[in-house]
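This is what each chain is made of:
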Amino acid sequence: MTVYAGEVSQFSIEGIVITGDFTLSSYDYERSIRMEVTADVGEVDGPVLVAGRLLATIGKLLPADAEVVLEVEGGTLSVACGKASIVLPLMEAHYYPQLPQVAEDRVVGSVVAAEFSAAVAAAAPFAAGDPALHEWTAVHMVATEAYLELTACDKCSVIVKQIPFDFAADEVTRVDVPAGLLADAVGPWKGFDGSIELSWDENLFAISGSGSASTMSILAYPYPSVERVYPKELTAACEVSKSQLVTMLSRASAFSSGDYARIELFASEGTLAVQNLGGDALTRDELEPHKFSGAPTKVAINGRRLAAAIKAIDTDRMTLGFNGMRVGIYPGTPEVVFERTDISLPPEEMAVAVMGMVGDKQ
């Protein structure tokens, strides 16, 4: 078999099967992937199996735009690109397991691949990275007729992101997918110009589109409530420029000591003040909010955690909402923040929130 292909670098885990139409598949008990790659395929005797991690390492070292030639001869697979050539031993193909699948009637809906990839990229970093916090390590997804909502939280910071969704299920449904698995799974679809289908059952979550598919295990723990971190009612809100606030936070954090980089925020009519708490020097900056509503409020917060949350907002105008120790951050000027206390973000919107260390008494 001789195959001419442009990409062989996206597939790893434990083993890869190459079939006549040049489909690459990989599996490691938690996740699987099957990708179709455009190629000129010569004579094919059957599927072959090689070590996936080795092939993935080789693929990452090859030029992205160079032609790659795969050729099976005897008990080896050679990978040639330009003047470079690497030979891998073949494994027994019949030992490769059948990949897990979600039944076709369990399709929940479809979403634009680029929008879903961007939403996952924004949400996944907010999930807990400590395996001991089992239930917090997932991205919680809720599918409705209006939107697909993604939530991730590590007990101190939370993100809620809503994107348009072509709903195909009979009722509102939800699933919890480990953030690391989900972030890896959307990689192959980042540059895909089209929609992908999402489906899930009691054990698996699946992404499919353009002849390719990936599955991953879902979290076995019920997702906890994030209301402790996410403020659904606000006592104050102010609209500011992201660039100005980021500069102020960077300056205050630079003069803070310790891992927490404690920063105090004070919001009132006409002023948002930022100053460091602790450290060898004291710095205080102020800016005038574009808009302010509510009672004067003060909160001490981890400056680095707050700065990381602000990075998830992709507009320069943003709104800070306060409730005791909790700080919510919203893109633009969502009128619902200023006009009513029960915040319900519309589709295509998002919010992040950070739990402070000290805040005004409620």
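Preceding block: the structure.
Basis of the calculations
- Residues numbered from 1 in each chain as written.
- Predicted model: local features only at pLDDT ≥ 70, side-chain atom pairs only at ≥ 80, totals over all residues.
- Heavy atoms only, no water.
- Pairing = 2+ DSSP bridges.
- Helix = DSSP H or I, 4+ residues; strand = E, 2+ residues; numbered from the N terminus.
- Axes fitted to C-alpha atoms, helices over the stretch in contact; angles between N-to-C directions.
- Contact = heavy atoms within 4.5 Å.
- Buried < 20%, exposed > 50% of the residue type's maximum accessible area, 1.4 Å probe, protein only.
- Arc of directions from axis to C-beta.
- Polar contact = N/O pair within 3.5 Å; in protein donor to acceptor, adjacent residues only side chain to side chain.
- Parallel < 35°, antiparallel > 145°, perpendicular 65-115°, else oblique.
- Left-handed = near helix turned anticlockwise from the far one by under 90°.
- Nonpolar A, V, L, I, M, F, W, Y, C, P; charged D, E, K, R; others polar.

**Q** Looking at this model, I keep getting lost on the sheet that holds strand β27 (residues 350-355). Mind explaining?
**A** Whenever strands of a sheet pair, they do so through backbone hydrogen bonds, lying parallel or antiparallel. The strand order β15-β11-β12-β13-β27-β26-β25-β19-β23 describes an open sheet built from nine strands, whose pairing is antiparallel. Strands at the two margins of the open sheet, each flanked by one partner only, are β15 (173-178) and β23 (291-294). Ignoring which end each strand starts from, the neighbouring axes of this sheet average 15 degrees apart. Taken together, the six bridges between strand β12 (residues 148-153) and strand β13 (residues 157-163) define a ladder with antiparallel strand orientation. Following the sheet pairing, T151 is matched in β13 by V160. Sitting on the sheet, helix α4 (residues 242-254) touches β19 (236-241) and β25 (317-323), and the angle it makes with β19 is about 95 degrees.

**Q** Help me understand helix α5 (residues 303-311) in this model?
**A** Helical periodicity: at 3.6 residues per turn, an α-helix aligns residues three or four positions apart in one direction. Residues of α5 that are buried: G303, L306, A309 and I310. Take α5 and look down its axis: the buried residues cluster within an arc of 125 degrees, on one side only. Buried-residue contacts for α5 involve α4, β20 (262-268), β24 (297-302), β25, β26 (326-331) and β27. Taking the backbone nitrogen of R304 as reference, a side-chain oxygen 3.0 Å away marks N302 as the first, capping residue of α5.

**Q** Where do I start with unusual backbone geometry in this structure?
**A** Most peptide bonds take the trans configuration, and most residues that are not glycine carry a negative phi. Notably, Y29 is not glycine yet its phi reads approximately 75 degrees, a positive angle. Judged by relative accessible area, which is 69%, Y29 ranks as exposed.

**Q** Mind showing me how you'd approach the packing of α4 against α5 here?
**A** Axes are the key here: two packed helices are described by the angle between their axes and the distance separating the axes. At a minimum axis separation of 10 Å, α4 and α5 run at an interaxial angle of 155 degrees. By the angle class used here, α4 and α5 are roughly antiparallel. As for the relative orientation of α4 and α5, their crossing is left-handed in sense. For the pair formed by α4 and α5, the contact residues are K242, L245, V246, L249 and S253 on the first element and G303, R304, L306, A307, I310 and K311 on the second. Of the residues contributing to the contact of α4 with α5, the split by class is six nonpolar, two polar and three charged.

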